[in-house]
Amino acid sequence: MKVHSRWSCFVIFFVHLSRLTWAALEARPSVSISVTEEDPTRLECKSEQWGTTPKITLRDMNGVDMTSEYDITEERDKGGILRVNSIIPIKQEFNVFSCLMRSTEPKPDWHSEVVLYYFSPGVSGWMLAFWSLFAVCVTVAALLVFKWQKMQEHSASYDPKVNFLRLCYLRKESEIINDPAVKLTTPKVIQSYSHEDLFKLTKYFKPNLVFILKFKISYILQTLVTRQILTSDEAKIVKAKQESEGTKGVQSFIDEMMSKDGMALVSLWEALNEEYERCPKQNLHEIIMEVTESGKKLLVEIQTNVHPPLLEPHIKDLHETHRLAVSESIRSLDDRSSFLGDSHMRAVDFETQYTELIVLKDGHWVKWEEFLNNKSPYAEVVEEWIEDRCVRIWDEQLFKTPGGINPSNTALVIGEAGIGKTTMVQKIMFDWARGSHYQRFAFVFLFKFRDFNFLDDGKEPRMSLNELIVSHYKYLGDGRLGEILQQPNSLLFILDGLNDYKHKLNLSHWPLCSDPNDDVSVSILFASLVRMTLLKGCSVLLTGTPTALHSLGYGVNLGAVILGFVPEKRLTYFKKMLGDENLGVQAMRYVEQNAVLYSMSFNPSYCWIICAVLKSHFTTPEKERDPTPKTVTELFVMFLHNILTSHRQDAEEQRTILIKLGKMAYYGVDKGIHIFSEKQEISTFGLKPYLSSPSLSAFLHKEGTLKHTTYTFICPKLQEFVAACSFYLDPLGDIEELLVRLNSCDNDQFNVLTRFLVGLARPSTSETLEGILGEFDKKTAVQILEWVKTKALDKPDHLRPEKENALQMQMCHWLYETQNEEFTKDVMRKELNFHIEDTLSALDCAVLDFVIRCRGECKSLHLDKSDLSPDCSRGLAPCFSVCRSVILYWCRLPSGCCADLSLALAAPHSQITSLSVHQNKLGDSGVHLLCEGLRSKNCKLERLIKKLRTFISQNKVCLLDSSESMMTSSHSSTRRNSTQSNLSGCNLTSGCCAALSSVLSCPHLPLKCLILTYNHSLGDSGMHLLCEGLMDKNCKLEILGLEYCELTSGCCAALSLALSAEHSRLTSLEIGGNDLGDSGAHLLCEGLKNKNCKLTSLSLKECHLTSGCCAALSSILSSSHSKLTYLNLANNKLEESGLHLLCEGIRSENCKLETLCVHSFDMSDSDYKPISSLKEELNRSGRGLFCY
């Protein structure tokens, strides 16, 4: 097996930075960095599996033999296999070591090279710059070689030995040469497994395989039919079942394959490997690499996870006691949806009611800055996007490192509030207790950070690890705990809710403790567990919100990001929580059509609110049903209304409870508190007498801690909604003071509260509750709306663009909650101009649509990398037609959204004059849909800006425009180059050119700009089709870009005819980067000479031109009909003789040229003499020429 591997690691220690790069052929070397007393830093290079002693030669960067200066050792294993080890001390600022190991027998040589960059404060600036530039050049050259060899990613085992150094960043990379020998490796490994082992691996990876096969099952079935594992009819049945049943259908298929003989499983895995080679994806890559690289080790891990570790009899008794206690405490979930008609919570079994969440390993596609700022980049989760961008894992895989080579001891699970972190932790405990997962741990201990908030009168509590464990698990007292802690490898500590801890957990704190009996603060105790100074070898799982990462102060392996429910799991959740499958389907269909509900339903806590509201809605007779909610405020108003009507009490008492509860809720929002103590907040706000009230228990979730009883609102947003209600229910509530606070607040602390305050100002919303709670304060409503109006009109100056956009979007959400079109139009009286760079939810899109349509017009709607799902694009579609400019840049739009865009273009009162759909996978069908709108009489589009990127089969199609780049011939080189840098890689094929040509010849379309740049598959045939449209008398095109489209001289005659057509309006043509040659240039000149040609700007850069075409170009410049003011001939081999010919034409009185580009890497300074002389001559005569 030929392997080309590269390891790169960065080790930061004190003031030095080392970089190590390893390259090897036909070997599996290992590299480590170590420190000894004699040598502060050294490299250990090892090579194994030698039959005889190799001849070793070590040379430095100058080729000097350094073998004698290095310590080389050899050792043989029991089988006689030789291992060679060389120790290389690092003594210089820059070292390149070449190691050649040559066999004494006629076998291929094993060669390796070590490049070490070693920087210290003593290195001079010029030397550092020189070697940095050298390193960059070497790296670029290496990457080009790797690209040429078409390698594919391959994980390698790398075990760094770093002593007394802080390892800050470690990256492993290796690539497999794409040749037949390598492609045979994976099938051989798969075939080497016994049927029993392959069955175990398939069962272990079953969730992963189900997820992958949902998207790739057609290819797998085709391969299995070819291998005669399945018949064609059987494959069709499997495919139909997958389409109708989704995940269940795929699970059934895998079960069927596992029930067949051994050859079926082997063929399944070989088919998966072939699919990975055909279309590499990260999820499949992870599985293939684990099976081929660490399968034997993985089998041992699978075995240990199935069977608990061997324990002494008396420890085993404690183990069973602990397992039963955990099972008893975490055997059920609280079914809160039942309280709407029942004052008691109903316990439901984990096995039947738990709904699987989406968990991503390492969050490869997520911007971590957004997580740290507590934003939500995953508002709309679509499984296809996850499959394309991320590695999905399951609860039992949290401690696996990428590739599965070595398990990690620490993992951090993050997710926004209410996303299901605590429920996932309970599921892990439940699975451990029943013996299904994590069986390698003899004891699993769960601690909640919130339990330590109310100990020691608010001070951070102090205790030892022994005391901590016994306080939660009293049956482990009486000296029994000591023996358990002596086996830390069999212990798992789960620390849940880092964000709930009111004290700071700083993992970089020093000193830490190492003795389980040490009495220290809780933060030091937990930090010691994570840092492994206490119980080294134990495993720790931390959970928290993204903002909790700030407090850690030390790098922890990120285990996973919880994203909530995908649509299929939302339906599953609905069915379970509503208790009726048909009702669940009906509710889900409704949610999919409601932007508010759908955008919230990915979050389990909000999904439960929705279930509670819809259960009441759909079980009410149709004639008696209230309108379904359109806004977030309406959803919570309906929820509150259901609670109040389900628990009928005296109206005055309900109002009193809600005011007191609201005041406590606002106190929590203001102070950042969401856990309330019975002894403190509950008593302070006068709620203690009402704790037995069914109404109050419907809002709060009660939980007993070590010494206190605490309460939390059952949903994070419910706390802010109740807080907002209190300002309308209590006339003494100081709304003016609150508005002052809102004005001074510079973060999102009160954003949701403000949204509810504005929503409750809507009369129809408050009237729903007034029948039960009494009148809402109308004065408060007026003050709130006046404040919103003032806030919109008095926008601060000099805001950063991102801050201005955030405030604008925030304002739109407030206005949407009012559902008041007149008020919205009055508030947004300034010209609308949106530029949004964040991911948008379906609710965000509905909000934008509402505001823009209320205003009736919008100058520009620019969505930049906003990741619009199909539901989002449908939500925005109605407002497109009233926007003058629509820019959807890299929004991952599917082809289906083109129907929405087409309808907007064809709308009777469509205002769209500029449209950009840059970098979107629209597909061939999408282009045809868009062209239907372009051909409409109502279409007023003048510019298709930037790029429309689509895919036909494996090729890409691009329709784009850059009207800003070529409007005049006097553009500077800087402007033109910046434009060119924005137009790249669209690969237009000739397949859509007929449709585009028909659009160009449409009599009603005012399209003036069309750029088809970097479409390497367009070719001459596509150009001929486009020219048919260009020559049509109805064509109004003025700007055409055709750079890098694989055009040749074969299309130049047709293009020349288009330029000379009587009705031609083309003023700007970019056709550089094509192999036109001198013959093509001569043909183009025929059209340029024609009096009908109106071209003012022409780019022929990189067209393989020579001096042979310069006479023809010169005659064009001196022609009385020529209107050229800009000519780009860069990077052609014109030479000095060609420039002389051009200069003759430029000297002509008829020449109107203002800008000439002739620079080329092949030309010397002397070659430019004709141009230099010409510029001086023109300057003396008063004519200017910008030349570069």
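This one's a predicted model, so the numbers in the text were calculated from it and none came from an experiment. (Residues numbered from 1 in each chain as written. Predicted model: local features only at pLDDT ≥ 70, side-chain atom pairs only at ≥ 80, totals over all residues. Heavy atoms only, no water.)

A. Representation of the overall build of the protein. Looking only at helices and strands, the protein features 45 helices and 39 strands. Relative to its full complement of 1188 residues, the protein shows a buried share of 55%. The long-range share in the protein, meaning contacts at least 24 apart out of those at least 6 apart in sequence, stands at 77%. Here the protein displays about 51,000 Å² of accessible surface, and carbon together with sulfur accounts for 51% of that area. (Helix = DSSP H or I, 4+ residues; strand = E, 2+ residues; numbered from the N terminus. Buried < 20%, exposed > 50% of the residue type's maximum accessible area, 1.4 Å probe, protein only. Contact = heavy atoms within 4.5 Å. Areas by Shrake-Rupley, 256 points an atom, 1.4 Å probe, with all protein chains shown as cover.)

B. Structural detail: unusual backbone geometry. Unusually for a residue other than glycine, Tyr438 sits at a positive phi of about 55 degrees. Even without a glycine there, the phi angle at Glu1135 is positive, about 60 degrees.

C. Representation of the packing of helix H8 (residues 262-278) against helix H9 (residues 282-293) within the structure. For the pair H8 and H9, the least separation of the axes is 10 Å and the interaxial angle reads 130 degrees. On the basis of their axis angle, the class for H8 and H9 is oblique. Considering only the axes of H8 and H9, their crossing is left-handed. Listed contacts from H9 to Trp269, Leu272, Asn273, Glu275 and Tyr276 of H8 are Leu284, His285, Ile287, Ile288 and Val291. (Axes fitted to C-alpha atoms, helices over the stretch in contact; angles between N-to-C directions. Parallel < 35°, antiparallel > 145°, perpendicular 65-115°, else oblique. Left-handed = near helix turned anticlockwise from the far one by under 90°.)

D. Representation of the state of the cysteines in the model. Within the structure shown, the criterion is met by zero disulfides. Residue Cys1052 stays outside any disulfide, its sulfur separated by 4.6 Å from that of Cys1051, the closest cysteine. With no disulfide of its own, Cys1085 has Cys1109 as its nearest cysteine by sulfur position, at a separation of 7.1 Å. (Disulfide = S-S within 2.5 Å.)

E. Here's a closer look at helix H6 (residues 232-245). Between its first and last C-alpha atoms H6 spans 20 Å; for 14 residues at 1.5 Å apiece the expected length is 20 Å, and the two agree. The secondary structure elements touched by the buried residues of H6 are helix H5 (206-226) and helix H7 (247-259). Gly246, located one to two residues past H6, shows a positive phi value of around 65 degrees. (Expected span 1.5 Å × (residues − 1).)

F. Local environment of the environment of Phe1186. Tracing the backbone shows Phe1186 in strand E39 (residues 1186-1187). Taking the C-alpha atoms as reference points, Phe1186 and Glu1154, 32 residues apart in sequence, are found 6.0 Å from one another.

G. Quick peek at the nonpolar core. Core analysis: the biggest nonpolar cluster contains 277 residues, and Leu398 and Phe574 have the highest contact counts within it. In this structure, Leu201, Ile217, Trp269 and Leu272 belong to the second largest nonpolar core, which totals 38 residues. (Core = buried A, V, L, I, M, F, W, Y, C linked by side-chain atoms within 4.5 Å.)

H. Structural context of the pairing of strand E16 (residues 410-414). The buried fraction of E16 amounts to five of the five residues, a majority that puts the element mostly inside the structure. Side chains of E16 alternate between two faces, with Thr410, Leu412 and Ile414 and Ala411 and Val413 buried alike. Bridge count for E16 against strand E21 (residues 539-544) is five bridges, and the pairing is parallel. Note on E21: the bridge partner recorded for Ala411 is Leu541. (Pairing = 2+ DSSP bridges.)

I. Main features of the pattern of salt bridges. Under the counting rule described, the total for this entry stands at 29 salt bridges. Here Glu857 makes a salt bridge to Arg884, at a shortest N to O gap of 3.8 Å. Residue Glu857 is located in the loop between helix H34 (842-855) and strand E27 (858-864), and its partner Arg884 is located in strand E28 (residues 883-889); the two are separated by 27 residues in the primary sequence. On the basis of relative accessibility, which here comes to 34%, the residue Glu857 falls in the partly exposed class. Residue classification places Arg884 among the partly exposed residues on the basis of a relative accessible area of 27%. (Salt bridge = Lys/Arg side-chain N within 4 Å of Asp/Glu carboxyl O.)

J. Just the confidence of the model for the protein, in detail. Per-chain confidence: the protein averages 78 in pLDDT, with 75% of residues scoring 70 or above. Taken as a whole, residues 1-40 scores under 50 in pLDDT and shows 141 contacts with residues more than four places along the chain or in a different chain. (pLDDT = per-residue confidence, 0-100.)

K. Summary view of the sheet that holds strand E23 (residues 676-677). Reading across from one edge, E23-E25-E24 is the order of the three strands in this open sheet, with antiparallel pairing throughout. The sheet is open, and its two borders are formed by E23 and strand E24 (700-704), each paired with just one other strand. Of the strand pairs in this sheet, E23 and strand E25 (residues 709-713) are connected by two bridges, and their pairing is antiparallel. For Ser677, the partnering residue across the bridge sits in E25 and is Thr710. Along the sheet face, helix H24 (residues 651-671) touches E23, E24 and E25 and points at about 90 degrees away from the line of E25.

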